[in-house]
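A look at the structure
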Amino acid sequence: CLEEYREFSVAVVTGGATGIGHAVTQELLYLGCNVVIASRKEEQLKQAVTELKGEIEETSPPRLMHVPCNIRQELQVKHLFEETLKQYGKLDYLVNNGGGQFLCQAADISKKGWNAVIETNLTGIFLMCQEAHKQWMGEHGGVIVNMLMDMDRGVPMMAHSGAARAGVENLTKSFAVEWAHHGIRVNAVAPGNSIYSETAAKNYPIDVFERVKPHLPAKRLGTPEEVSAAVCFLLSPAASYITGETVHVDGGGRLYSPLFWTVPDHKMLQPFHSNQGVEEATKPKSKL
Ligand code: ADE
């Protein structure tokens, strides 16, 4: 039975139950991958598995499974990869998407809060990459994609997370060089703060998404699926010569300053998956 599944690829996606991680999981399943989703929140993981299973064929072992894992804890990280290898016998892709922070002015961040954010968003990614390398990829190769944020101009109200993710970008480059001869590629994706998901909306102040729109060359919000497309591209053989790189998925937002040039309102940069229509896909649904 396991032999059969060696034909399929195997991916671990942290934070795979919600937001961008959910879109990545869905796309990888669609592409035929086996996927293990992991996060601290078991109920959310179970819900996502139940929902996504409706979209794929029933198999044994199932194409989608979940493992509760706090990426700050070395033993839990070790367990996640052990379970993955026990179930599927291999590991091709690792998507380090899980992370989190709280909004706070830099002057008010406590040491405890600072350490918690650094532990999750920097140390956790380090532990995940190191363990994936140790248990499988060091010997067999593989591809890693780390999720960053739009942090290149500093991140007011999220200084801790910006620092952690800038650290991950550098780590991505170090791993890309140190592990190239193991057949491992390591890249990063930096979604803009204009990617709309209900998970993100719950974490941000009320009008963040409406406020950011005029400052985007795309003049529209982005979707988790548009981030997932970049992740899946980097995982795929189409990116076989790309390593240590960061792909920004932000509608050009990080580049735009309206000082000398104002982008007129337009609807010319439509999303590729617009069957729902971009207005619908990025419409503030919950509290906005
Ligand atoms: N998502 C946010 N924080 C996390 C953690 N500590 N472990 C796994 N996923 C997370």
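Up top is the structure.
Note on numbering: residues in each chain are counted from 1, in written sequence order. Local features are withheld for residues below a pLDDT of 70 in this predicted model, meaning they are given only at 70 or higher, and side-chain atom pairs are given and counted only at 80 or more; totals for whole chains, interfaces and linings count all residues. Processing note: side-chain calculations cover all non-hydrogen atoms of the structure and skip hydrogens and water entirely.

1. Side note on the site of the ligand
Neighbouring residues of the ligand: Ser39, Arg40, Cys69, Asn70, Ile71, Gly99 and Thr120. Here a polar contact is recorded for every N or O atom pair within 3.5 Å, except that within protein the pair must consist of a potential hydrogen donor and a potential acceptor, and residues adjacent in sequence are included only if both atoms are side-chain atoms. The side chain of Arg40 places a nitrogen or oxygen atom 3.4 Å from a nitrogen atom of the ligand. The protein chains shown are the only cover counted for residues, whose accessible areas, like all others here, come from Shrake-Rupley with a 1.4 Å probe. The fraction of the free accessible surface of the ligand (260 Å²) that becomes covered by protein chains is 90%. Polar here means any residue outside two lists: the nonpolar Ala, Val, Leu, Ile, Met, Phe, Trp, Tyr, Cys and Pro, and the charged Asp, Glu, Lys and Arg; Gly therefore counts as polar. Taken together, the residues of the shell around the ligand break down into two nonpolar, four polar and one charged. The rule for a residue being near a molecule or strand is that one of its heavy atoms must lie within 4 Å of it.

2. Focus: the environment of Cys69
Numbering of helices and strands runs from the N terminus; a helix is a DSSP stretch of H or I covering at least four residues, while a strand is a stretch of E covering at least two. For Cys69, the position within the fold is in the loop between β3 (64-68) and α4 (74-88). Sequence-distant contacts of Cys69, defined by excluding residues within four places in its chain, comprise Ala38, Ser39, Arg40, Gln76, Val77 and Leu80. Here, two residues are considered to be in contact whenever any of their heavy atoms come within 4.5 Å of each other.

3. Digging into the packing of helix α5 (residues 111-140) against helix α6 (residues 159-178)
For helices, the fitted axis covers only the stretch in contact; all axes are lines through C-alpha atoms, and the angles between them, taken along N-to-C directions, range from 0 to 180 degrees. Where α5 contacts α6, the axes come no closer than 9 Å and their chain directions differ by 20°. Looking at the two axes, α5 sits roughly parallel to α6. The chirality of how α5 crosses α6 is right-handed. Listed contacts from α6 to Gly113, Trp114, Val117, Ile118, Asn121, Leu122, Ile125, Phe126 and Cys129 of α5 are Ala159, His160, Ser161, Ala163, Ala164, Arg165, Gly167, Val168, Leu171 and Phe175. A per-class count over the contact of α5 with α6 returns 13 nonpolar, five polar and one charged. Any angle from 65 to 115 degrees is called roughly perpendicular, while one under 35 is roughly parallel, one over 145 is roughly antiparallel, and all others are oblique. The handedness criterion is simple: a crossing whose near helix is rotated anticlockwise from the far helix by less than a right angle is left-handed, and one whose near helix is rotated clockwise is right-handed.

4. Observations regarding the sheet that holds strand β4 (residues 93-96)
If you trace the seven strands from one edge of the open sheet to the other, you get β3-β2-β1-β4-β5-β6-β7, paired in parallel fashion. With partners counted over all chains shown, the strands left at the sheet margins are β3 and β7 (246-249), one partner each. Ignoring strand direction, the axes of neighbouring strands in this sheet form an average angle of 20°. Strand pairing follows a simple DSSP-based rule, namely that at least 2 bridges must link the two strands. Pairing geometry for strand β1 (residues 10-14) and strand β2 (residues 34-39), over five bridges, is parallel.

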